[in-house]
Amino acid sequence: MADWSQLPPELLALIAKSLDTRFDVLRFRSVCSLWRSSFPQKLYPLPTKLPLAIPDSFRYRPEVGDIMIDTIFLVRCPATAACRVVNVREYTHCAKTQLLKPLLDYKVRPLVVKIPKVLDLTNFQVIELGHQFVVLSPNGSEGLYIDKAAFLWSNTNTNDFMMLTLISCKDLCVVSSISGKTESIRLQTFTRSYGYFRDIISFNGKFYAIDEEGKTTVVDQSLNLSFIDSPTDRRYYWRKLLVQSGDNLLDVEMMDLCDMVIDFKNFRLNEEEQKWDEIESLGDQILFLGVRQSISASASEFYGVKGNLIFYSGALTKSNYYGNSEDVFVFDLDSYATGPLEIFPEFGKLFWPPPEVAPMREPWIWSFRDKRNYRRPLEQ
């Protein structure tokens, strides 16, 4: 058997440079003392304060505050064929970590069950399913908030980057840091009082931002803008999310009709023709849609979970009709059945900590076997 501790330093450096996540670096450094000393803990090279180009209507001239990375992990136990989805927040400028509520962006309150301080990686497999950068505005920025950021990194200098942010959901702002010089440019602003952007993402060297009408703004690295028309009627599909699924970019549109029924339409980006093509199935992919984080994962990574499913936070719905906004819901694109996690026993233990459930609520489920019939209940 090979002695991994005897690998030459130049090969260790080459391996270490290919590690993208902080958790991969942790596992790399856990092999032996030589590996640990050959590569430091991963800290993202992001400054804690960045200037913002904002509209003149704002009283304060804020800077970007803390930049954090929210990561969804899958923890598997091969011995028991069990797996759990865990949401963790890490600060980019220090080694601070927080446990978040499932598909939400705030930390877990003290639990009755003790949270383990140590995870023995000889008994568990930990897989990163996806991550998203989140930005907090510093105190004093009244009337303005920034809640999500997308990054493009330089291929030649790891300290150079471009960051796209949403300012109060109405303004697209790009912050670039090249060779230590930082500047901010405001690209596009909604002029209507009710208009705003729904989501942003970086994909294949470009930024994408989708607005409430389904129109997509594309920003290349030279800050040139192009646009992709909406694939749906905005009157029905309210929430629009951009999700990278393997080598594809998806536009996931959620319908909240009369504050009662949920439906999803999924579209794949056709980069060559600059349009969205509707897809009927996600195949073996599973979508996890959170408040500020949406990811896609293969069902093959899970035990006993099929593909073509969407797990989404109740906080994404238009109203609080479905109960506590901390609930997690399931949508099955095969049967068009949907409901809160509590009535799907096979998924009851998928998230950790378990989502809170609204008390005294009658279990319910809806089925959309006919896509044109949005109100047909599933027989109990």
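All chains use their own residue numbering, which begins from 1 and follows the written sequence. Totals for whole chains, interfaces and linings use all residues, but because this is a predicted model, local features are given only for residues with pLDDT of at least 70 and pairs of side-chain atoms are given and counted only at 80 or more. Values shown for side chains rest on all heavy atoms present in the structure; no hydrogens or waters enter the calculation.

Colleague: Teacher, can you tell me more about the overall build of the protein chain here?
Modeller: Scanning the protein chain for helices and strands turns up three helices and 24 strands. Here the open area of atoms and residues is found with the Shrake-Rupley method and a 1.4 Å probe, where only the protein chains shown may cover a residue. With an accessible surface of roughly 19300 Å², the protein chain has 51% of that area assigned to carbon and sulfur atoms. Counting from the N terminus, the helices are the DSSP runs of H or I reaching at least four residues and the strands are the DSSP runs of E reaching at least two.

Colleague: Just to check I follow, could you spell out the pattern of salt bridges for this structure?
Modeller: Note on pairing: side chains with opposite charge can pair once their charged atoms come close. A pair is scored as a salt bridge if a Lys or Arg side-chain nitrogen falls within 4 Å of a carboxyl oxygen belonging to Asp or Glu. Per the counting criterion, the structure on display carries nine salt bridges. In this structure, Lys275 engages Glu273 in a salt bridge whose closest nitrogen and oxygen atoms are separated by 3.3 Å. Summary of the burial criterion: residues with accessible area below 20% of their type's maximum are buried, those above 50% are exposed, and those between are partly exposed, where the area comes from a 1.4 Å probe applied to protein chains only. A relative accessible area of 52% means that Glu273 is categorised as exposed. Lys306 is paired through a salt bridge with Asp332; the nearest N and O atoms lie 3.2 Å apart. On the criterion of sequence distance, the pair formed by Lys306 in the loop between β20 (294-298) and β21 (309-313) and Asp332 in strand β22 (residues 328-332) is long-range, its members being 26 residues apart. On the basis of relative accessibility, which here comes to 36%, the residue Lys306 falls in the partly exposed class. In this structure Asp332 comes out as buried when scored by relative accessible area, which is 13%. Salt bridges here are not isolated pairs; linked through shared partners, they connect Glu273, Lys275 and Asp277.

Colleague: Honestly, the sheet that holds strand β12 (residues 206-211) in this entry has me stumped. Any pointers?
Modeller: Within a sheet, adjacent strands bond to each other through the backbone by hydrogen bonds, running parallel or antiparallel. In this scheme, strands are said to pair when DSSP sees at least two bridges between them. Spatially, β11-β12-β13-β14 is the arrangement adopted by the four strands of the open sheet, whose pairing is antiparallel. For this open sheet the edge positions go to β11 (197-203) and β14 (225-228), each flanked by a neighbour on one side alone. The sheet shows a mean angle of 20° between the axes of neighbouring strands, taken without regard to direction. Pairing geometry for strand β13 (residues 216-219) and β14, over four bridges, is antiparallel. Each bridged residue has a counterpart across the sheet, and for Thr217 the counterpart in β14 is Phe227. Each axis is a line fitted through C-alpha atoms, taken for helices only over the stretch in contact, and angles between the N-to-C directions span 0 to 180 degrees.

Colleague: Where do I start with the environment of Thr165 in this structure?
Modeller: Within the secondary structure, Thr165 sits in strand β8 (residues 161-167). In sequence terms Thr165 and Arg186 are 21 residues apart; their C-alpha atoms lie 9.6 Å from each other.

Colleague: Got a minute to help me understand the nonpolar core in this structure?
Modeller: What tends to happen in soluble globular proteins is that the nonpolar side chains get buried as a cluster. In this text, buried Ala, Val, Leu, Ile, Met, Phe, Trp, Tyr and Cys residues form a nonpolar core when linked through side-chain atoms within 4.5 Å. One finds Leu129, Phe288, Phe302, Phe311 and Phe351 to be the most contacted residues of the largest nonpolar core, which totals 23 residues. Elements supplying a minimum of two residues to this core: β3 (67-77), β4 (82-91), β6 (125-135), β19 (285-289), β20, β21 and β22. What makes two residues a contact is simply this: any of their non-hydrogen atoms within 4.5 Å. Ignoring sequence-local partners within four residues, the contact set of Phe351 consists of Val85, Pro102, Leu103, Phe288, Phe311, Val328 and Leu341. The next biggest cluster of nonpolar side chains, apart from the first, holds 18 residues, and it includes Leu282, Leu289, Tyr312 and Phe331.

Colleague: Help me understand the packing of aromatic side chains, please; the structure alone is not making it clear to me.
Modeller: Remark: the centre distance and the inter-plane angle together describe each pair of aromatic rings, the angle taken between the planes. Two rings belonging to Phe, Tyr or Trp (six-membered ring only in the last case) form a pair when the distance between their centres is within 6.5 Å. Interplanar angles under 30 degrees mark stacking, angles over 60 mark edge-to-face geometry, and anything in between is tilted. Scanning the model with the defined rule gives 17 aromatic pairs in all. Consider the rings of Phe288 and Phe302, whose centres lie 6.0 Å apart with planes at 25°: the pair is stacked. Of the two residues, Phe288 sits in strand β19 while Phe302 sits in the loop between β20 and β21, which places them 14 residues apart along the sequence. In this structure Phe288 comes out as buried when scored by relative accessible area, which is 0%.

Colleague: Which parts of the structure should I look at to understand the environment of Ser245?
Modeller: Structurally, Ser245 can be placed in strand β15 (residues 237-245). For Ser245, a relative accessible area of 10% puts it in the buried group. With residues up to four places along the chain from it excluded, the contact list for Ser245 reads Leu250, Gln285 and Ser296.

Colleague: Honestly, the side chain of Arg198 in this entry has me stumped. Any pointers?
Modeller: Structurally, the position occupied by Arg198 is in strand β11. Neither His nor the chain ends is counted toward charge; the positive residues are Lys and Arg and the negative residues Asp and Glu. This buried residue, Arg198, is left without a salt bridge; Glu212 holds the nearest opposite charge, at 4.6 Å. Only 3.0 Å separates the side chain of Arg198 from the side chain of Tyr196, close enough to count as a polar contact. Excluding residues within four positions of it along the chain, Arg198 makes contact with Ile210, Asp211, Glu212, Trp238, Arg239 and Lys240. Contacts described as polar in this section are N or O atom pairs within 3.5 Å, which, within protein, must combine one atom able to donate a hydrogen with one able to accept it, while residues neighboring in sequence count only if both atoms come from side chains.

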